[in-house]
Every structure is written in structure tokens, then in C-alpha cells.
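Architecture at a glance
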Amino acid sequence: MSTIDNLPPLRQVINTHELQARKSLGQNFLLDLNLTAKIARQAGDLTECDVLEIGPGPGGLTRGLLAEGARRVLAIEKDRRCMPALAEIAAAYPDRLQVIEGDALEVDPLAHLTPPIRVAANLPYNIGTELLVRWLTPTDWPPFWQSLTLMFQREVAERIVAQPGSKAYGRLALLAQWRADAKIVLNLPPEAFTPPPKISSAVVHLTALPEPRFPADAAILSRTVAAAFNQRRKMLRAALKGTAPDIEDRLIAAGLKPTDRAEQVPLEGFCALAREIAKP
Ligand code: SAM
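Keep in mind the model is a prediction, meaning the values are calculated, not measured.

1. Some remarks on the overall build of the protein chain
- In terms of helices and strands, the protein chain carries 11 helices and nine strands.
- For a compact globule of 280 residues, the expected C-alpha radius of gyration is about 19 Å, and the protein chain comes in at 21 Å, within 12% of that figure.
- If one aligns the C-alpha atoms of the protein chain with their principal axes, the spans along those axes are about 70 × 35 × 30 Å.
- Put simply, the protein chain has 280 residues, and 50% of those count as buried.
- A separation threshold of at least 6 residues defines the contact pool for the protein chain, and within that pool the share at least 24 residues apart is 69%.
- Entry remark: accessible area of the protein chain is about 13300 Å², with carbon and sulfur atoms responsible for 51%.
- Across the protein chain, 33 positive and 31 negative side-chain charges occur, with their mean positions spaced 7 Å apart.

2. Digging into the UniProt feature "domain: Ribosomal RNA adenine methylase transferase N-terminal" (unreviewed entry) in the protein chain
- In the numbering used here, UniProt assigns the "domain: Ribosomal RNA adenine methylase transferase N-terminal" (unreviewed entry) feature to residues 35-210.
- The span residues 35-210 shows a helical share of 31% and a strand share of 27%, and its end C-alpha atoms are spaced 31 Å apart.

3. Notes on the site of the ligand
- What surrounds the ligand is a group of 21 residues, the closest being L30, G55, E77, D103 and N122.
- Contacts to the ligand include P56, whose backbone N or O atom sits 3.4 Å from a nitrogen atom.
- Coverage of the ligand by the protein amounts to 98% of the 590 Å² it exposes when considered alone.
- Those elements that place two or more of their residues in the shell around the ligand are β1 (29-30) and β3 (72-77).
- In terms of residue class, the shell around the ligand is built from nine nonpolar, seven polar and five charged.

4. Examining the pairing of strand β4 (residues 97-101)
- Sheet topology places β3 next to β4; five bridges connect them, and they run parallel. Considered in β4, the bridge of L74 is made with Q98.
- For the crossover from β3 across helix α4 (residues 83-92) to β4, the handedness is right-handed.

5. Focus on helix α8 (residues 218-230)
- An ideal rise of 1.5 Å per residue puts 18 Å on 13 residues; α8 measures up with 18 Å between its terminal C-alpha atoms.
- Taken together, the buried positions of α8 are I220, L221, T224, V225, A227, A228 and F229.
- Buried residues along α8 sit against α7 (171-179), α9 (236-239) and α11 (267-278).
- The opening residue of α8, the one whose side-chain oxygen lies 3.1 Å from the backbone nitrogen of A219, is D217.

6. Considerations on the domain arrangement of the protein chain
- When the domains of the protein chain are assigned, the result is domain 1 (10-208) and domain 2 (218-278).
- The centre of domain 1, based on its C-alpha atoms, is set 34 Å off from the matching centre of domain 2.
- The interface is formed by 11 residues belonging to domain 1 together with 14 residues belonging to domain 2.
- In total, about 940 Å² of surface goes out of reach between domain 1 and domain 2, with carbon and sulfur atoms giving 69% of it.
- Ranking the residues of domain 1 by area buried against domain 2 places Y169, L174 and W178 at the top, with a combined share of 53%.
- Applying the counting rule to domain 1 against domain 2 returns zero salt bridges.
- At the boundary of domain 1 and domain 2, one finds five residue pairs in polar contact (both at pLDDT 80 or more).
- By residue class, the composition of the side of domain 1 that touches domain 2 is four nonpolar, four polar and three charged.

Reading the values: the criteria
Residues numbered from 1 in each chain as written. Predicted model: local features only at pLDDT ≥ 70, side-chain atom pairs only at ≥ 80, totals over all residues. Heavy atoms only, no water. Helix = DSSP H or I, 4+ residues; strand = E, 2+ residues; numbered from the N terminus. Rg over C-alpha atoms; globule rule 2.2 N^0.38 Å. Buried < 20%, exposed > 50% of the residue type's maximum accessible area, 1.4 Å probe, protein only. Contact = heavy atoms within 4.5 Å. Areas by Shrake-Rupley, 256 points an atom, 1.4 Å probe, with all protein chains shown as cover. Lys, Arg positive; Asp, Glu negative; His and termini not counted. Charge placed at Lys NZ, Arg CZ, Asp CG, Glu CD. UniProt positions renumbered as here; feature names shortened; annotations may be inferred. Near = heavy atom within 4 Å. Polar contact = N/O pair within 3.5 Å; in protein donor to acceptor, adjacent residues only side chain to side chain. Nonpolar A, V, L, I, M, F, W, Y, C, P; charged D, E, K, R; others polar. Pairing = 2+ DSSP bridges. Right-handed = clockwise from strand over helix to strand, strands pointing away. Expected span 1.5 Å × (residues − 1). Domains from an automatic or database assignment. Buried area = accessible area lost by both parts, 1.4 Å probe. Salt bridge = Lys/Arg side-chain N within 4 Å of Asp/Glu carboxyl O.

Below, the structure is given as C-alpha cells:
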């Protein structure tokens, strides 16, 4: 039986279980356990937490999370080929790793987790943004998670932390920053992965705020931001024409200029506008 001390190196795990990376599953593996431990440390103190990991693959980050003291890890992995490698890790950390074979977009992990919960993952790029948006838009706030520590393509990471006035600023930044603190905590070059992807990556750490930074109705804010950025080159009065017949008056009441463009409006301005649009 495997113990922590004799778990094989990840390259060997990949060879033994024939885990040649598949592009269709977004597989770019992290094989350096020092690096996966470093990513796990970015997730904060895990000793009192259950950790949800999406896409453990051969288990590099999983091993990092467990070695850093996670109380329990629930890992959801779509690729059946990874199950034996993950079972070896589960055997080395009795009662601390549960693996579900399935699609993270379909499995509801909450039945298997006890709060407090943190999320940590080297996400498959094809579903990363979709999962993030889901985690940021639950029906109730605060959400089930205390923090999210997630690997993204660097360009996506920059969109999450972007500030007004930059090209990267848009819906994702506003969604993330309305109810969470978001920062890039680690940059990784393509060579950190096997096989190396074409682009650089970055780890983003998001901490859930107890309450939204500024009051607003979530659905109205989301609709307003989407409309404003769908036509980001247009002035707000034109881009938001469809949202209310007297949109110019409402923009002014919110302290915004009807001639501004979405890219210039800070989060506080969008929240003020959502409150004005909510008025009868
Ligand atoms: N965590 C591992 C690491 O850091 O080496 C693997 C990361 S790799 C970028 C993404 C992983 O997500 C792969 O193992 C892939 O099989 C898995 N995956 C892809 N789509 C998935 C889905 N819909 N649900 C769950 N896992 C998925």
C-alpha cells in the first residue's frame, strides 16, 4: 500500500498509468511537487477546511493540498484513466481524499463537503471561466466557498483583476470584484506544464466578501454590465438604450455621464446605475 513517503514521482505515475495528456480534456499537468505545494499554500490555511479540487489529473496539486494539511479534499475528475493514480494518493492519506469520477459541470459537490470550504484547482481551460462565473453568481451570498485559488490562462487572470480604463476590464472583473477580493498570486510560464501550453498561465486567489462591496440587485447589475460591455465602444446612453426609456436621466442620477464608455465606469458607478434602473 502507498504511504506518503513512497508515493512515486509524478512522471513515473504518468508512465505507469499511461496518462498521456489529452488536448480535448485541457490536460496540461503540473509535475513539480514543489510548485504544486506552492500553489496549495496560496489557498491559505487549509487545516480546518474541506477543499474542492476540479480536475486533479495525476494528482500533483492534490498531493500539494494534502501535504499542506487540508482537512479533506474532494476531487472531481472526468478522465477515468486518472482513477488508479488518485486511488494511490487516497490510500496514502486515509479518510482525507474522496475522488468523484464525473464532469465538474454536472456533479454537485456540496453534498460531499463540510464548511468551511475552499476551492483550489488547475482548471481545464475550456470550462474554467464557466465554473468561475457559476461560483461568483450563486442564488445567495455569501457563497459555499471562502476562497477560490484557480489557475487560468494569463489573459483570463488579467480580465478577473482588471481595473477601469484597461482593455481587460469588463464583465468578469466586475462580477469578481463586486463580492470578492481578487488578485494574481503567481505567474507561470508554459514550461511549468507537461505538455507546455502555447500561452502563459497565472493563479488567481479570490476571497469572498461577507457582503457585496456596494449594494445592487445581482440580476439588474449583471444585465446592465452585460449590455454596457456588449457594445463597449459606444457611449453608455447608446449601449444601454434598451434597458430603460429614460436611461440618460438614470445615468445622470447615478452620477455617470451619458457620454462615458463602459470601460471608464468603476464598479461603484455600475452599482449606483443598477440601483437607479431598479427604481420604478
Ligand atoms: N490538476 C492537474 C495538474 O495540475 O497537473 C491536472 C490539471 S489539467 C489542466 C485539467 C484536468 O481537468 C485534467 O485532469 C482533465 O482530465 C480534467 N477535466 C477536464 N474537463 C473536466 C470536467 N468537465 N470535469 C472534471 N475534470 C475535468
